[in-house]
Every structure is written in C-alpha cells, then in structure tokens.
Amino acid sequence: MTSTNPKRDRADGDVLLDVRDLSVIYESAGAAPVQAVDDVSFTLKRGEFVGLVGESGSGKSTLGFALTRLQKPPARTNGGNIFFDGSDIRELDTETLRTQRQGGFAMVLQSGMNALNPVRTIRNHFMDIFRAHGHVAKADREARAAELVRKVELDPSVLARYPGELSGGMRQRVSIALALSLEPQLMVFDEPTTALDVLVQHAVMDTIQSLQASENFTAILISHDLGIVLEATQRVLVMHEGRIVEDGASRDILERPQDDYTRMLLSHYADPRAEVVELPGFPARRSGAEPGTTRPRAEAGDAAVVTRSVRSADSAIVVDGVSKVYPPPRRGEKPVRALDDVSFTLEPGQSLALVGASGSGKSTLAKLITGIEKPTQGDVRFGDVDVTRLRAKGLRDLRSNVQMVFQDPYSALNPLHTVEYTLSRPIRNMTDLRGDDARARLHDLLTTVGLTPTETFAQKLPHQLSGGQRQRVVIARALASDPQVLIADEPVSMLDVSLRAGVLALLEDLREKWGVSLLYITHDLLSARLVTDDIMVLHDGKVVERGVTSEVLRNPQDEYTVRLLDAVPNPRRLREDVA
Amino acid sequence: MTSTQNVRIPTDGAADGAVAATSRWRSFSRTLGVVWSNGKARVGIVILGLFVLVAIFAPLLAPYDPKDTSFDRNLDATGAHWLGTTAAGEDVLSQLIFGARISILVGLAAGVLSTLIAVAIGLSWGYLKGFASEVVGFIVNLFLVIPGLPLMIVIAAYLQNGGILMIIAVIVVTGWAWGARVLRSQTQSLRGRDFVTAAQFSGERAPRIVFREILPNMTSLIVGSLFGAATAAILAEAGLEFLGLGDSSIVSWGTMLYWAQNSNALLTGQWALLFAPGLCIALLALSLTLINFGVDAVSNPRLRDGKATK
Amino acid sequence: MKYIAGKLGLFVLTLWAAVTLNFFLPRLMPGSPADAAIAKLAQNGPVTEATRAAIEAQLGVPDGSLWEQYASYLRQVVTLDFGVSYTFYPQTVSSMVSTALPYTLILVGIVTILAFVLGTLIGVAAAWKRGTWLDSLPTLSGSFMSTFPYFWTALLLLFFLGYVLHWFPTTGAYSATTTPAFSFAFLGDALLHAALPALTILLTSLGGWIIGMRNAMINTLGDDYVTFAEANGLRGGTVAIRYAARNAILPNLTGFGLALGGVVGGSILVEQVFGYPGIGYLLFNAVIGQDYPLMQALFLMITVSVLIANFLVDILYGVLDPRTRR
C-alpha cells in the first residue's frame, strides 16, 4: 500500500472484524420472511485469509453483503453487531460509511462481468474512485491506475477500453484492481470466479492468493466450492441454513471435520487421477477395469427393459470429419472456427466423455449431433440416417432416438407446466401409448428416476422441486421416447455438490439397465471419470487427446489435459501434500 | 377486468385434464395477487369497476334520455340538471353517463383486437429467424414511427362518416405495433430458454411451442399491453370524435366536447360541459394506467421490491 | 461509423416505405375524392355527367397505370410540387405547407425537447429518492396528467387562463394588429400566443417521460455496476448520474423516438383548439374541406419530420452508447 493509514497503525489487538450474534432476515411483500443469516458470530484477525463455504441458500452471500453494509431491501439486519476495527459499522451514517470504504472494507461481486459500467472506460472507473476519496494526488492517479491493473496481471492499455471490449476474466481482474485501489483492510470476495471458465477460474484464484500475500489485506472468500476454499485459505467457516456449523483451520477441517455437514461436503471430492474413485452412493470404479470396451447391453427381465419398443437395429452415431465455422461475431473480424475436423463414433451402449473448457466446441458438437445446427463440413450419421439433411419431420424421428439432458434444470422446465404435463408430451408425440398405457409409462419414468411417490411428484410444478429433483424430471423426459442415445450437456454443473452424485449415479444406472449410450459433455473431469468409459478432450475445436477415461486421466499426454486436471479443486490431494 | 380473459390463450381444446387448468388458474390468481397488492393498481381497479358499472346500468342511472332535446338550452347546474344542459337542450349528466358506454366499448374492442394482432405478430416475429424476421421487423418499426393520430385522421377522412366501427378499425390498424414490439423481445428471450429446445426434443411442433410453451409465460406482458392499447384507444377515440371525424350524432365524451366547443361553451362559461367529459376520459385512462403499475410489477420484480421498503 | 451508415440506410428505406404508403393510402380506400366531392354536390341537387367530368378533371382523377401514377407521384414528392389546394384555390399546397411548417416545428420541437429533458431529470430524482414524496408526487401527478386528452388540457387552459383570467390571447399565432417581422414587438406577441399551446404539450407529455425514466433508472439501480460503485464508496451524485442515470437514458431515448409520433399527433389537437396556424390546424382544415392534395402533403410532411427526428435520436444514441461504436 502506498499511502499510510493512521487507523492501521493503531495497535488495538489483532482482531479486525468481530461479528456478534448477527441475524439477517428477508422480508418480501406477500411472502413469509426468511431468516437467511441466523445468529452468526465469528472474529477475523488482521492478515487472515478466511473461506466462507456453503451451498446455495445457505446465507453466505447475504452474510457477505451484511458485513460490507451493501445489503438492500428486502434484506434487513435484525440482530447483532459487526465491529470493524473497533467500531460498530451498523451505526455508521451514510457519509461516514462512504468515506471509510477507502481504507476500510471492499467487496468483489460474484458477477464481475456486470460489475463495470458499460458506458465508462476502465480509466474512468479508477478516476471515479480517486475523486470520491481523494487518497491519490491528482498527478499520480494515472500512474497509480496503471500500477493497479498491472498488479492483477493486465496490460495498462486496458485503461482506455470499455468493459464490453474485455473478456469475462479480464473484467473480473479489473474489478479486483478497483477494489484494491481503495487500499482496504478487509476484502470480501463473493464467488469471484464462479461465472468464469475453469481454466480462467484457476488463474484468477492464483492472482487473488498472491495479492493477498503481497498486499497483506485481510480477506474473506465466499464460495460454494469447498475444494477451492480449502486450497486458497488458512481458515474455513462452513455455513448451512443460515448458521455457521464449523469454524476451523483449513487443515483441521480437512483432516478432522467435526460437523456432519462438513463431512458430507468433503466426501464429494475426489481426485480424478486416483487409482480408485469413490463418491457417496456411487460404486467404486477401479482403473483398468474393462479397458476400452463397452459393457454388454442388459438382458431382458428388468422392468424398464420390458417396456422398450422393438427396434429395427442398434445404431451408432458416427461423426466424420466435422468442422463448424460461425460467421464473425462482429464485422471486420475473423470467422469463428468452433470445430475443426472432428471424427468419432459413439457405439450403442458406449459412454463417451467430451471434455473441454468453454469455447472448446463441445456444446457445438451436441447441437450438430441433434440436428439443431448443420456442420460446415463433414458428416453426422445416426445409423443410416444423415442427420445433416433432416428437415422438421425427420428431426422429430431422430429425436425419438437421440435425446438431450440440459445443463440448467431451472431453465429446462417450463415453470407453468406440471411434471405430468411435461412428461406426457413426449409420450404422446413419440410413442403409440395412449390413455392408461401412457399414464402407466409416465409413472414408470418417475419411478426410474427415483421420484416417488409418483402420484405426488406428477402434480408438482417446477418451482416446488429442488434442483436435483428438477434434473431428474429432465432426465425422465429425455427417457420418455425410449431413446438409444442420451446427450447430457453439463447435467450437474448447476447443482449443489451434494446433489451431483445422485444425478450421476442415475445416469450410470440408466446406461447399465437401459443400454442407452451416453455422450457426456463436461468440463468436470471427476464426473467424467465416474460415468464414462472413454474420453475425448477438445481444445479450440480440435480433439487433442482420446482414449480410455481412467487411463487418460491417470496418465494425460496432452498439456491441455494436464491443465484441466490441475484446475480441479481437490482437498484430498491437498491432504496428501500435507501428509 | 372481464377484458383480461379475452386475450387469454386460444386454448386448443386438447383436454390435458384438470391439472393444467388448475396450474394455470393458480398462476393467474397469483398474478392477480401481485397486481392487487400494489396500492396504485387497487385504486385503478376500483375506478375502472365504477365506470363499468355505470356503463352497464346507464339506463337506470341516467335521469333523462341523453338525446332528449326538450329542455331549456345552455342551462347552468340546477336541481333538475345537476350539470346543466347543452346548447341543443340535452341533459349533460345523462349524456355523461351514457358516454361511458362508448369509451368502454371502444377501449375494450380496440384494445382486445390490437392486442390480438400484437400477440400474433409479436410471437411469430420473435420465434422466426432470418430474413422473414427482418421483414416483419421493418414493417412493425414503420407502423411504430408513423405518427398514429395523423394517420387515423387521414384514414378517417377518406372513410367518410364511418361511425364507431370505423373508429375502432382505424385505431386497431394504427395501434398494434407497440405491443408487437414488446411481446417480440420477450418471445426472443424465452425462445433461448432450454425449455423451448426441450419442447422440440419432446416432438412438439412450432405452433404448439409458441402457444403452449412461450405464450403462457407472457401473460402479464400481454395484459399490460392490453391495458396500454385500451388507454391509447380511449384517448384516440375521444380525439377523433372531438375533431368531428366520427359519427357526431352518437352520445360519447368526445362528441360532447366537440359540440361544446362548436357551441362556444367557452364563451358562455359553462365549465361543467367542458370539464366533466374530459375528466371522465382522463379518469378512465388513469384507471387503466394505474392497473398497469401493478401489472408491470408482475413482469419486472425490480419495480415490485421497492414497495417492501415502505 | 458503421452504426451511422446502417441507421442511415434504414432511414432511407423507411422514408421510401412511408412515401409509398402515402401513395397507396387513398387508392386503398373505397370511393375516390371526386366521388366524395360529387356526393357533396349531390346533396344540393342532381349532378350532370358534364359536371362530373369537369370535377374529375379538376381534381386530377388519376389516369394511366398504377406504375405511371406512382412515378409521377414520386416526381411530385421529390420536387415538392403537390399541386393546388382545393379549398384555398389558387394557392399551391407547397406554399401553404411552408407557411405553416415553421410554427409547428418551433412550437412542437422546442416544447418536446424541453419536456423530455425536464421529465428525464424529474424521473432521475424520483428513482433516486424512491419511496419518498419526491418519487410519489411526480409519479402520481405525472401519470395523472399523461392520461389527460391533449385537447381537454388545451380547452381547460384556454378557458381558465384565456377566457376567465384573460392572461393569454385565445387564438392565432400573433395578434391581427401586428404583421410578421423580426421585431421585439412581434416576437413578444408570438411568444405570448404560443404560451398556452406550449404549456398544454408540456404538461400532457411530461408525465410519460418522468415515468419512463424513473422505471428505466430503477432497473439500472438494481444492476451490479451500481452496487459495485456503492461498494467502492463513490459519491451519491456520481452513482446516480454517471452510473444509474447514464445507462437508464439509453432505453429512455429509444422510447422518446417512438413516442414522438404520439406527441405530434397530440399537437394537432392542440393547434386546432387554439387556432394555431401550424401543420395540425392546416390538416384539420384540409380534412374538413376534403382538400385531398393538401391532406396528403401534410401527412407526408408530418411523417417525414417524425422519421428525421427518429434518425437524429438514433445518432444521439450511437454517440451515447460506446457499444455501438465497435
């Protein structure tokens, strides 16, 4: 820090932040009040880097906003005190609060991409802050701004740009630099990397960690990902349903978690490189088992299999030399080559992982296979059908055999339709079942995806279901037409960690019992290890590595695969390092 | 409020059981709850309800026949004629009461018709892609920028004395574009949602996707544009009548003001004759605008949450 | 630059479409102007074939194919030669329009911009002070005023300020005793005559701009960059103006362009009430006198003015939003 802060030199003990019995309530008109933060107490020493972990709805972000006094109605603090540097910030008037944001507490928001004013240059963002607080002399402002963006590993030329001209990762770095320009004693990072791509996430986290060490601010890292937090911080607070259920050193939490909830969270982490990968509710998968081969289709006798309609022949999906070029996003730029000469075959009953960071072309491939888009070059065939030439009628026929599981269960279900309606449509459109048969089929599907009692779930609307339950409905809908191929595009990435294993186990189960072949698209190598036999790594539209999943992950050849593996947060690996 | 039911989804008759109906009814009543919870909207609903009642029971409420010219002319307010009489010797209060019928009829008919057009064009425009969408977009923008009232005046001038139906037709032709634009952008954003793609994967055809998946998610916007269109229609009708471009023999608030101006009510100082019809038009339009404050809050939660701070 | 070129292309295309619409409008209507004129005469007695032929010739009943008619119409538009007025024979339509146009352009143009600026400022204040009287007072009175029919506001102002209080003249653009000239006396007189029409348009259109800006700004106030600006301790004024309002003005500007047509329409009614000799008053008289050439030219003039205004708004938008510059 260049300027000196008299407050900081005051030696009044080590404690910077002292939160006592803090409670925050949400009071929306026409809804029951929700106690989002419930009687929370903790203290923070100067220079500490503390993680605040919880799943969605745990109240962790609400707590972060309360600590920085940024909360807005309908949220309201309804109890407790927050002592920052000895004084209660709940009593600060607006102007004192504003001025003490310089040299006090700063916050980096979750959606860093939207945290910048689209009509102001980056330079103006810095100047606004310098003008507001006057802590940097006019003559030094330009140099200081350049110094700050360099600290977050950006080139000073970004100062002249508008936010819309920067990538998501760059924008998040800019907002970190802006928060840093306040020379704060406390920095609160609210899910600073969640909206970013995996590899970018990793790089931004590295920057945050090294800044914390070099600038020596006290920091709170709010995240849903215990793995990330354990890797970055020295101490972790675990939050569950508005309360802090565990507060301890990162190492202790890793080795001796005290709370059941923490233990449950921890159990969902594993190293995709390990010999044996095991998650709760998931059978252990040994490496080297059935290398390169696909499992035999399940034999008749299973209830679900009996209901299958008779099929002409099992058909493979063949992708042959496919390229896809999109027109340039803006005039004067180069066309975007999303896929470049990709070939592979998805055999009946096979499960194949398609892995890559965002922009690697993996979702484009899904669109080509399902006929949503046409390739620029190359062939996509399903059995003897040329997918690239299908029109409306042919596409409907194709989709009774090739179905899709979507990424976001909150957007994949029409909020106004009941589960029954949602499931009855594909049954009506793509099977011959009518009346009681159709109804029986619907309840079979719900049973298959584990939504019992089926009568109750059939009547529910999406907003009455949890994320995991919604994703099960999405899977049931995909199964309704009794497809041969299931394409799952990041099916668990929007779910809380604790719900992921269940959905993955369901997919695995379906493949074994129904003999559905699975194309599993993901950036998450751990889940790929769990549900697939074979893997294909995509980078910039090209296949850079392929092979048996367990072998590729344990012994990656391509540098890009290695980087993806390194980006997987894994507390257990940390534990091994420690030991 | 009966008008809201009229724009509701053209149900395609496929009886998907009572379940879908209850869920839609539930979401409808939830919507109604949000609207009612808005103080401004509540006032609007009450005012609109009063006008509708007055229009329905006009023959019972009006003291005289509105076209009865047998009274003394240009009377100021008296015990027998609370708001005085016109230059032709008609009772102003009776005319005012019967005038509500025309305004509500025009507002309802023109509002519903132009909203139907807006829904049809807005949804197909939003769902289409490529050149067809560009062409529709150009036409909608053309109708948006061409000034509505002058166009109405010119059309009305060509269609000599077409009466109230002509006025409704002219308002509909010139008034659908705004709603189409609003509904189109919402359609486009819903179209990108996974549940629409999922419906394609469930084997649904385009019309059913548009009307059963997308449209029900826009109910509040459609109701909003209905009230907006009705407000504009009521004001436009009054304007055309005031210019003498409608059928000046009917009793409406616009024609009352037309005759008032032509008979120099300004000079005779009969303020009630000038004041009352205009106030009624303004109050009726206001009631719809106020209801729309509540409807806006349904489709835009940011406009709603602020109420909680009060 | 590409943005401006694109908008210019769209403007030219829209202009052509509007001109063409104006051509087809009378041709789509049942009956012809000549029929209407003859029907008018017929009320006084039977019309002979000779009279009919004379009227049709005088009214320039179109002959030739539709294409030839369209070509000659386009020639008229380009040369601004719209023929001779029926009702004000032998004045040309062009000279009548050019006499009336400045009154409307100045009155409606200045007042509309004034109302927009004023309404936007009030809307910013209302959104920033949401939930206080500074919000509810302008929002409620604004939405009330904007539901007033233009002509009713005009009548009320005319009645009370003109006839009852005699503060303002009741008709015309200047006193009958003065002649148009660039003198202070004339300008003062003209301003006094324009005051009531201006006040009417201002009062009636203000509410819409207030509410539009308020709602747009309430939206931007909920955006993350505003929260982040607050987290960085920027001054309230900076956050309100440079962050929230600066972004809210963009959608509001689009709304301004699209609502212009409505204001221009309203001003026709206002001019009629005040006998203000602008485009609207002329249009009204053309309609009453069934003066079709005049009517058609006036409608075209109004449409083109609104199109130009919209084009200028688009350009302004491009200046204000860096995202269009790429």
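Calculation rules
- Residues numbered from 1 in each chain as written.
- Chains lettered and ligands numbered in written order.
- Predicted model: local features only at pLDDT ≥ 70, side-chain atom pairs only at ≥ 80, totals over all residues.
- Helix = DSSP H or I, 4+ residues; strand = E, 2+ residues; numbered from the N terminus.
- Buried ≥ 20, exposed ≤ 12 C-beta atoms within 10 Å, placed from the backbone.
- Contact = placed C-beta atoms within 7 Å.
- UniProt positions renumbered as here; feature names shortened; annotations may be inferred.
- Nonpolar A, V, L, I, M, F, W, Y, C, P; charged D, E, K, R; others polar.
- Pairing = 2+ DSSP bridges.
- Axes fitted to C-alpha atoms, helices over the stretch in contact; angles between N-to-C directions.
- Domains from an automatic or database assignment.
- Parallel < 35°, antiparallel > 145°, perpendicular 65-115°, else oblique.
- Left-handed = near helix turned anticlockwise from the far one by under 90°.
- Expected span 1.5 Å × (residues − 1).
- Arc of directions from axis to C-beta.
- pLDDT = per-residue confidence, 0-100.

Helix and strand counts for chain C stand at 12 helices and zero strands. Sequence-ordered secondary structure for chain C, helices as α and strands as β, is α-α-α-α-α-α-α-α-α-α-α-α. Expressed as a percentage of the 326 residues in chain C, the buried residues total 42%. In chain C, 72% of the contacts between residues at least 6 apart in sequence involve partners at least 24 apart.

What follows concerns the overall build of chain B. Broken down by element type, chain B carries 16 helices and zero strands. Within chain B, the proportion of its 310 residues that are buried is 53%. Counted over contacts in chain B with a minimum sequence separation of 6, partners at least 24 positions apart contribute 74%.

With numbering matched to this structure, UniProt assigns "transmembrane region" (unreviewed entry) to residues 43-62, 102-128, 135-158, 164-183, 214-236 and 272-295 of chain B. The distance separating the terminal C-alpha atoms of residues 214-236 of chain B is 31 Å; by composition the span is 83% helix and 0% strand.

Another point: the environment of Ser87 of chain A. Residue and element names in this part refer to chain A. Mapped onto the fold, Ser87 is located in strand E5 (residues 87-88). Here Ser87 falls in the partly exposed class, since 13 other C-beta atoms lie within 10 Å of it. The sequence separation of Ser87 and Leu17 amounts to 70 residues, and the corresponding C-alpha distance is 9.4 Å.

With 42 residues of chain C in contact, the opposing surface of chain B contributes 38 residues. Elements supplying a minimum of two residues to the side of chain C that touches chain B: helix H1 (2-28), helix H6 (133-146), helix H7 (150-164), helix H8 (184-221), helix H10 (236-274), helix H11 (279-288) and helix H12 (292-320) of chain C. Counting residues per element, the side of chain C that touches chain B draws most heavily on H10 of chain C, at eight residues. Broken down by class, the residue content of the side of chain C that touches chain B amounts to 28 nonpolar, 13 polar and one charged.

Under the UniProt annotation, the feature "domain: ABC transmembrane type-1" (unreviewed entry) is placed at residues 101-313 of chain C. Taken as a whole, residues 101-313 of chain C contains 82% helix and 0% strand, while its terminal C-alpha atoms sit 21 Å from one another.

All names here are of chain A. Pairing in this open sheet of four strands is antiparallel, and the strands run E2-E1-E4-E5 from one edge to the other. Either end of the sheet is taken by a strand with one partner, and the two such strands are strand E2 (34-45) and E5. Taken together, the eight bridges between strand E1 (residues 15-26) and E2 define a ladder with antiparallel strand orientation. In the sheet register, Tyr26 faces E2, and the bridge partner there is Val34. Where helix H2 (residues 60-67) meets the sheet, its contacts fall on E1, E2 and strand E4 (75-84), and the angle it forms with E2 comes to roughly 60 degrees.

It is worth spelling out the sheet that holds strand E3 (residues 49-53) of chain A at this point. Residues and elements named next belong to chain A. Strand order in the open sheet formed by six strands is E6-E7-E8-E3-E9-E10, and the pairing between neighbours is mixed. Across the chains shown, the open sheet's two edge strands, defined by having one partner strand only, are strand E6 (105-108) and strand E10 (243-249). In this sheet, adjacent strand axes meet at a mean angle of 15 degrees when their direction is disregarded. In this structure, strand E7 (residues 186-190) lies alongside strand E8 (residues 218-223), joined through five bridges in parallel fashion. The partner of Asp190 across the bridge, within E8, is Ile222.

A few words on the UniProt feature "transmembrane region" (unreviewed entry) in chain C. In the UniProt entry, the feature "transmembrane region" (unreviewed entry) is given for residues 103-128, 149-170, 190-211, 253-274 and 294-320 of chain C. Annotated as residues 103-128 of chain C, this span is 100% helix and 0% strand, and its ends, taken at the C-alpha atoms, are 37 Å apart.

Buried accessible area, meaning the area lost when the parts come together, often serves as the stated size of an interface. Residue and element names in this part refer to chain C. Each assigned domain of chain C is listed with its residue range as follows: domain 1 (2-78) and domain 2 (93-325). Computed from C-alpha atoms alone, the centre-to-centre distance between domain 1 and domain 2 is 31 Å. At the interface, 13 residues of domain 1 touch 14 residues of domain 2. Listed by contribution, the elements that provide at least two residues to the side of domain 1 that touches domain 2 are H1 and helix H2 (33-42). Considering every element that reaches the side of domain 1 that touches domain 2, the biggest residue donor is H1, with 10 residues. For the side of domain 1 that touches domain 2, the residue count by class is 10 nonpolar, two polar and one charged.

In terms of backbone geometry, most residues other than glycine have negative phi values and most peptide bonds are trans. Residues and elements named next belong to chain A. Cis geometry marks the peptide bond from Thr452 to Pro453; its omega dihedral reads 0 degrees. Within the fold, Pro453 resides in the loop between helix H15 (435-448) and helix H16 (454-458). Look at Asp21: it is not a glycine, yet its phi comes out positive at around 50 degrees. One can find Asp21 in strand E1. C-beta crowding within 10 Å serves as the criterion here: with 11 such atoms nearby, Asp21 is assigned to the exposed category.

Now for the pairing of strand E16 (residues 377-382) of chain A. All names here are of chain A. Where strand E13 (residues 317-326) lies against E16, five bridges are found, and the strand directions are antiparallel. For Val318, the partnering residue across the bridge sits in E16 and is Arg381. Sheet analysis places E16 next to strand E17 (residues 385-386), joined by two bridges and oriented antiparallel. Residue pairing in the sheet places Phe382 in a bridge with Val385 of E17. In textbook terms, the turn of a hairpin is the stretch between consecutive antiparallel strands, and for E16 and E17 this stretch comprises two residues, one of which, Gly383, has a positive phi near 60 degrees.

Let's shift gears to the packing of helix H7 (residues 148-158) of chain B against H12 of chain C. Contact geometry for H7 of chain B and H12 of chain C: axes closest at 10 Å, N-to-C directions at 165 degrees. Here H7 of chain B lies roughly antiparallel to H12 of chain C, going by the angle between them. Remark: the crossing between H7 of chain B and H12 of chain C carries left-handed chirality. Between H7 of chain B and H12 of chain C, the residues in contact are Pro150, Val154 and Ala157 of chain B and Met295, Phe299 and Ile302 of chain C, respectively. Here the contact of H7 of chain B with H12 of chain C is composed, by residue class, of six nonpolar, no polar and no charged.

Strand residues, when the strand is regular, have side chains that alternate between the two faces of the sheet. Residues and elements named next belong to chain A. As defined by bridge partners, E1 adjoins E4 across eight bridges and the pair is classed as antiparallel. Following the sheet pairing, Val24 is matched in E4 by Thr77. Sheet topology places E4 next to E5; two bridges connect them, and they run antiparallel. Paired with Phe83 across the bridge in E5 is Asp88. Hairpin connection between E4 and E5: a loop of two residues separates the two successive antiparallel strands, and Asp85 in this loop has a positive phi of roughly 55 degrees.

Let us now look at helix H7 (residues 198-215) of chain A. For the α-helix, the turn length of 3.6 residues means that residues three or four positions removed from each other point alike. Residues and elements named next belong to chain A. Compared with the 26 Å implied by 1.5 Å per residue over 18 residues, the 26 Å span of H7 between its first and last C-alpha is a close match. Turning to H7, its buried residues are Val200, Gln201, Val204, Met205, Ile208 and Gln212. End-on view of H7: buried residues confined to an arc of 135 degrees, all on one side of the axis. In this structure, H7 carries Asp206, Ser210, Ala213 and Ser214 as exposed residues pointing more than 90 degrees from its buried face. Each element contacted by the buried residues of H7 is listed here: E3, helix H6 (168-180), E7, E8 and helix H8 (226-232).

All names here are of chain A. Turning to helix H21 (residues 559-566), its buried residues are Tyr560, Thr561 and Leu564. Seen from one end, H21 has its buried residues packed into an arc of 100 degrees, which puts them on one side. Exposed residues pointing more than 90 degrees away from the buried face of H21 are listed as Glu559, Val562 and Asp566. In this structure, the buried residues of H21 make contact with H7, strand E15 (351-355), helix H19 (525-531), strand E21 (534-539), strand E22 (542-548) and helix H20 (549-554).

Let us now look at the environment of Trp167 of chain C. All names here are of chain C. Looking at the element boundaries, Trp167 is found in the loop between H7 and H8. Residue classification places Trp167 among the exposed positions, given that 12 C-beta atoms sit within 10 Å. The spacing of Trp167 and Leu192 is 25 residues in sequence and 9.3 Å in space, taken between C-alpha atoms.

Let us look at the environment of Arg161 of chain A. Its place among the elements puts Arg161 of chain A in the loop between helix H5 (141-151) and H6. Taking the C-alpha atoms as reference points, Arg161 of chain A and Gly47 of chain A, 114 residues apart in sequence, are found 33 Å from one another.

In this model, chain C carries a mean pLDDT of 84, and residues with pLDDT of at least 70 account for 90%. This complex was scored by the predictor with a pTM of 0.82 and an ipTM of 0.82.

Bringing the packing of H1 of chain C against H12 of chain C into the picture now. A packed helix pair is summarised by two numbers, namely the angle formed by the two axes and the spacing between the axes. All names here are of chain C. Here H1 crosses H12 at 165 degrees, and the two axes come no closer than 10 Å. Taken together, the axes of H1 and H12 lie roughly antiparallel to each other. The crossing of H1 and H12 is right-handed. For the pair formed by H1 and H12, the contact residues are Tyr3, Ile4, Lys7, Phe11, Thr14, Leu15, Ala18, Val19, Asn22 and Pro26 on the first element and Tyr292, Gln296, Phe299, Leu300, Thr303, Val304, Leu307, Phe311, Asp314, Ile315 and Gly318 on the second. When its residues are assigned to classes, the contact of H1 with H12 shows 14 nonpolar, five polar and two charged.

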